[in-house]
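Structural features, examined
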Amino acid sequence: MYNKIIIKISGEVLRNNSDTNIDIILVKNIAHEIKELVHMGVKIGLVIGGGNFYRGLSLSKIGINIISSHYVGMLSTIINGLVFCDILENMNVNTKLISNIPIKNICSSYNYRDIINFLEKNYVLIFVAGTGNPFFTTDSAACLRGIEIDANIILKATKVDGIFSKDPIKHSDAVMYNHITYKDILKNKLEVMDLTAFTLAQEHHMIIRIFNIKKSGILKKIITGSQEGTLITE
């Protein structure tokens, strides 16, 4: 169903309880699924968060300057991106690590014409450092990159099965939506992504699917039409 996608993976999803702060087994499982999609001819952009290491908002609460806090958060996304890049390359998947904060010898700097060219050559593009600006989340970066590459869909990987009417951990009567509109999300005040990202996606008529990345084979199921998670449309 989809041949050009953005996958947004938050750092919180990648968090491990061990000292490494990153679940390598999960990363390898995701990488194997991405490799399978590449062999199916799907063009892929991967937007990585960094919340498993640092969250800008958390640092600012303990007295770190808010601007510096956001940059620390952006730098942590690069750590996750490097891990994904190395694992994918070890699987013989062509990748490009692209950062909005220039870091010579580690990442390629963002250039629109270059990313389109790399996509056409079937590289997996790993976008790190968010938008390169403080106060913008990696959700915003995912929506922005999705618009730029004209993606068919944004796949937001989470730890839960989809969007619920209320917190399913606290409320046993919570109902999961298979499909929901932007209008209904706003009406019911459901927390899906930050308002800037949400507005950007809505204005550009992006389709978003929220799903549980920890389910085995989930990416292929979505790409081939299985109704996994929650679909967000106009």
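Quick notes on the rules
- Residues numbered from 1 in each chain as written.
- Predicted model: local features only at pLDDT ≥ 70, side-chain atom pairs only at ≥ 80, totals over all residues.
- Heavy atoms only, no water.
- Helix = DSSP H or I, 4+ residues; strand = E, 2+ residues; numbered from the N terminus.
- Expected span 1.5 Å × (residues − 1).
- Buried < 20%, exposed > 50% of the residue type's maximum accessible area, 1.4 Å probe, protein only.
- Polar contact = N/O pair within 3.5 Å; in protein donor to acceptor, adjacent residues only side chain to side chain.
- Patch = residues over 30% accessible without salt bridge, like charges linked within 9 Å, V, L, I, M, F, W, Y side chains within 5 Å.
- Areas by Shrake-Rupley, 256 points an atom, 1.4 Å probe, with all protein chains shown as cover.
- Salt bridge = Lys/Arg side-chain N within 4 Å of Asp/Glu carboxyl O.
- Pairing = 2+ DSSP bridges.

1. A short note on helix H4 (residues 66-90)
Taking 1.5 Å as the rise per residue, H4 with 25 residues should run 36 Å; its terminal C-alpha atoms sit 37 Å apart, in good agreement. Taken as a whole, H4 has its buried residues at Ser69, Gly73, Met74, Ser76, Thr77, Ile78, Asn80, Gly81, Phe84, Cys85, Ile87 and Leu88. Regarding H4, its N-cap is Asn65, as a side-chain oxygen of that residue lies 2.8 Å from the backbone nitrogen of Ile67 further along. Downstream of H4 by one or two residues, Asn92 has phi in the positive range, about 65 degrees.

2. A word on a nonpolar patch on the surface
Together, Ile66, Ile67, Tyr71, Phe135 and Phe136 give the surface a local cluster of nonpolar side chains, amounting to about 440 Å² of exposed area. Tracing the backbone through its elements, the reader meets Phe135 in the loop between strand E5 (124-128) and helix H6 (138-148). Residue classification places Phe135 among the exposed positions, given a relative accessible area of 52%.

3. A few points about the sheet that holds strand E6 (residues 153-158)
Within the open sheet, the nine strands sit side by side as E4-E3-E5-E2-E1-E6-E10-E11-E9. Their pairing is mixed. Every other strand in the sheet has two partners, leaving strand E4 (108-109) and strand E9 (179-181) as the edge strands with one partner each. Where strand E1 (residues 4-9) and strand E2 (residues 43-48) come together, six bridges link them in parallel fashion. Note that in E2 the partner of Ile9 across the bridge is Ile48.

4. Describing the pairing of E1
Regular strands place their side chains on alternate faces of the sheet. Here E1 lies mainly inside the structure; six of its six residues are buried. Side-chain alternation along E1 places Lys4, Ile6 and Lys8 on one buried face and Ile5, Ile7 and Ile9 on a second face that is also buried. Here E1 pairs with E6 via five bridges, running parallel. Opposite Ile9, over in E6, you have Ala157 as the bridge partner.

These values are about where atoms sit, not about what they do.
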